[in-house]
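Architecture and fold: a report
One-letter residues, chain by chain:
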Amino acid sequence: MEIKKITKIGEKEDVVILIHSEKDLSLYGFSKEELAYLKEEIKKDNKQISINRYSYSILVAFLPAKKVDYKVKEEARKAGCNIINSLNKKKINAVSLLSKSEAIAYFIEGMILTNYQFLKYKSDKKTNSLNTIKVVDGISKEEIEELVAITTATNYARNLVNEPLSFLNAVQFSEEIKSLGKEAGFKVEVLNKSKIESLKMGGLLAVNKGSIDPPTFSIMEWKPKNAKNKKPLVLVGKGIVYDTGGLSLKPTPNSMDLMKSDMGGAAAVIGALYAIAKNNLPVHVIGLIPATDNRPGGNAYAPGDVITMHNQKTVEVLNTDAEGRLILADALSYANKYQPELIIDAATLTGAAARAIGYYGVVAMGNANEKDMKKLKASGENVYERIVEFPFWDEYGALIKSDIADLKNVGGAAGGAITAGKFLEHFTDYPYIHLDIAGPAFMDKQVDYIPKGGSGVGVRLFYNYVKNY
Ligand code: BES
Ligand code: ZN
Ligand code: ZN
């Protein structure tokens, strides 16, 4: 979709007008009859009003608001979602947008994010009609560029999640990362299996044992000359390109159906680096993506195995379906070499997190200082990927002590999302926040501007956090 800044709208063009109050209507040259009709509809609490002028139409989006707080921003995204659905229904290709509202950016964001389609595998590509938004006022050229980069990044993340294993194995995944690095201008280094072996990443290698495809470990770096931070922020994403559960096979009939989305955390980190680099944010950020599928092949790792991790700690594997924490542990341990200011990981880590809060938020926990968690929560509100903090008490750590090794990889059903986080904490020496996105990463139905399938959750959250760093 193209967003163009124009100075004046042409005659007889389809127009969308975003207003906050009845008073705003006087700015747009409506006839007496039209004004009377609009006011009547607003009284009826109609949020989207259509004026037909024969060869073109005017859609008025009414967004009652005094102050544009985070809830109004979200209402604006939803209003944008409703408008673009109407425009597509009317088969309109291009529309001019008029508004004096400071919510206009969020309104456009909702439009773009709603217009996303994943058509790669459809023979009949029924593309949405709307492909151009022309904006007259309320937003600068730079703000438009920023918005386009963020929404493009979110849509790339959605694509990656929607791609099945038949296309996106770990090697192909690293190729996609390289190509996005080239496009956005961040550096990418991909470690292959022999390099991963020489680094003794025992977690990633164990999970990969049942696979016929090799693992990869991708390192992304955005290091601008004007970086505000001396020590980097490291983002780590779980890159399980498919999770069968391994020998602890996921039960049929359908618990495997959406497991192509088990790299949703990686997609969030990749999308974030894309948007950060494209928009030249002055922050040094590193992204780490350990990637493999998790399968029950002939050589697969087995429940009871003891493995030695990148940081030399030993882990008794009691469930091969708790694989995410094993590959993340190696990445977290690798991250220590950067002496980071803060490490945040994103992972579709536990069914427990999804069961606890469903689709509508992100589970967070960690040992970083309160200020960092607070900032992340504020970003969560800004982008409406809200964060709920779980406890991270030491008592949970006792549940993953092993009889024969340093740790075991499962802690039982109670507090399952937290014991997973506590497991990861053993591998990092720096302030740490863990995000479990198992709930919101993959949608089983469309919710407003978030499509069915890959949601792209985390991209806008990380971007906003880094922007306010
Ligand atoms: N990828 C899954 C978690 C998951 C479940 C993500 C549902 C999205 C939707 C993860 O690898 C897993 O299988 N976790 C197990 C851990 C358990 C064996 C301790 C789980 O949550 O059941
Ligand atoms: Zn699993
Ligand atoms: Zn998994």
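First, a word on what this report is: a plain description of the structure on this page. Small disclaimer: the values here were computed from a predicted structure and weren't measured.

**Digging into the packing of helix H8 (residues 264-278) against helix H14 (residues 459-467)**
Packing of H8 against H14 leaves a shortest axis separation of 8 Å and a crossing angle of 45°. Taken together, the axes of H8 and H14 are oblique relative to one another. Our pair here, H8 against H14, has a crossing hand that is right-handed. Between H8, through Ala267, Ala268, Val269, Gly271, Ala272, Ala275 and Ile276, and H14, the contact on the second element is made entirely by Val459, Phe462, Tyr463 and Val466. Of the residues contributing to the contact of H8 with H14, the split by class is 10 nonpolar, one polar and no charged.

**Quick notes on the coordination of the zinc ion (ligand 3)**
Around the zinc ion (ligand 3), the protein contributes the donor atoms Lys238 (NZ), Asp243 (OD), Asp262 (OD) and Glu323 (OE), at 2.0 to 2.4 Å from the metal centre. For the zinc ion (ligand 3), the six donor atoms in the first shell make angles of 77 to 173° at the metal, a pattern classed as octahedral. Taken in chain order, the donor set of the zinc ion (ligand 3) reads K-x4-D-x18-D-x60-E. A gap of 3.2 Å separates the zinc ion (ligand 3) and the zinc ion (ligand 2), which Asp243 links by coordinating each metal. Here Glu323 lies in the loop between strand E13 (314-316) and helix H9 (324-335) and Lys238 lies in the loop between strand E9 (233-237) and strand E10 (239-243), a separation of 85 residues in the sequence. The pair formed by Lys238 and Glu323 is uniform in burial state, with each residue classed as buried.

**Things to note about the environment of Gln172**
Within the fold, Gln172 resides in helix H5 (residues 170-184). Using a relative accessible area of 24% as the deciding quantity, one classes Gln172 as partly exposed. A polar atom in the side chain of Gln172 sits 2.9 Å from the side chain of Glu176.

**Let's talk about the site of ligand 1**
Within the structure, ligand 1 sits among 15 residues, and Lys250, Asp262, Asp321, Glu323 and Gly351 are positioned closest to it. Backbone polar atom of Thr348 to a nitrogen atom of ligand 1: 3.4 Å apart, as the coordinates give it. Leu349 is positioned with one of its backbone polar atoms (N or O) 3.4 Å from a nitrogen atom of ligand 1. Here the residues of the shell around ligand 1 are counted per class, giving four nonpolar, four polar and seven charged.

**Looking at the pairing of strand E18 (residues 432-436)**
Most of E18 is tucked away: five of the five residues are buried. Residues Tyr432, His434 and Asp436 of E18 are buried on one face, and the alternating residues Ile433 and Leu435, pointing to the opposite face, are buried as well. Strand direction decides the pairing type here: strand E14 (residues 342-347) and E18, joined by five bridges, are parallel. If you follow Ile343 over to E18, its bridge partner there is Tyr432.

**Here we look at the nonpolar core**
Judged by nonpolar contacts, the single largest core of 60 residues is most densely connected at Phe173 and Ile344. For this core, the element with the most residues is H8, which contributes 11 residues. Setting aside chain neighbours within four positions, we find Ile344 in contact with Leu233, Val234, Leu235, Val236, Leu376, Ile433, Leu435, Phe462 and Tyr465. Ranked by size, the runner-up nonpolar core spans 37 residues in total, among them Leu205, Val207, Ile240 and Ile327.

**Describing the pattern of salt bridges**
Per the stated rule, a full pass over the model turns up 24 salt bridges. For Glu74, the salt bridge is made with Arg77, and the minimal N-O distance between the two is 2.8 Å. In this pair, Glu74 and Arg77 are both assigned in helix H2 (residues 70-89), three residues apart and thus about one turn of the helix distant. Residue Glu74 shares its accessibility class with Arg77, and that shared class is buried.

**Here's the deal with the sheet that holds strand E1 (residues 2-5)**
The mixed open sheet is built from six strands, whose spatial order is E1-E6-E5-E2-E4-E3. Whereas interior strands pair on both sides, the edge strands pair on one side only; in this sheet they are E1 and strand E3 (48-53). Adjacent strand axes in the sheet meet at a mean angle of 20°, parallel and antiparallel pairs treated alike. Sheet analysis places E1 next to strand E6 (residues 132-135), joined by four bridges and oriented parallel. Pairing of Lys4 across the sheet is with Lys134, part of E6.

What counts as what
- Residues numbered from 1 in each chain as written.
- Chains lettered and ligands numbered in written order.
- Predicted model: local features only at pLDDT ≥ 70, side-chain atom pairs only at ≥ 80, totals over all residues.
- Heavy atoms only, no water.
- Axes fitted to C-alpha atoms, helices over the stretch in contact; angles between N-to-C directions.
- Helix = DSSP H or I, 4+ residues; strand = E, 2+ residues; numbered from the N terminus.
- Parallel < 35°, antiparallel > 145°, perpendicular 65-115°, else oblique.
- Left-handed = near helix turned anticlockwise from the far one by under 90°.
- Contact = heavy atoms within 4.5 Å.
- Nonpolar A, V, L, I, M, F, W, Y, C, P; charged D, E, K, R; others polar.
- Donors = N, O, S within 2.8 Å, 3.2 Å for Na, K, Ca; no water.
- Tetrahedral: all angles 85-135°; square planar, octahedral: opposite > 155°, others 65-115°.
- Buried < 20%, exposed > 50% of the residue type's maximum accessible area, 1.4 Å probe, protein only.
- Polar contact = N/O pair within 3.5 Å; in protein donor to acceptor, adjacent residues only side chain to side chain.
- Near = heavy atom within 4 Å.
- Pairing = 2+ DSSP bridges.
- Core = buried A, V, L, I, M, F, W, Y, C linked by side-chain atoms within 4.5 Å.
- Salt bridge = Lys/Arg side-chain N within 4 Å of Asp/Glu carboxyl O.

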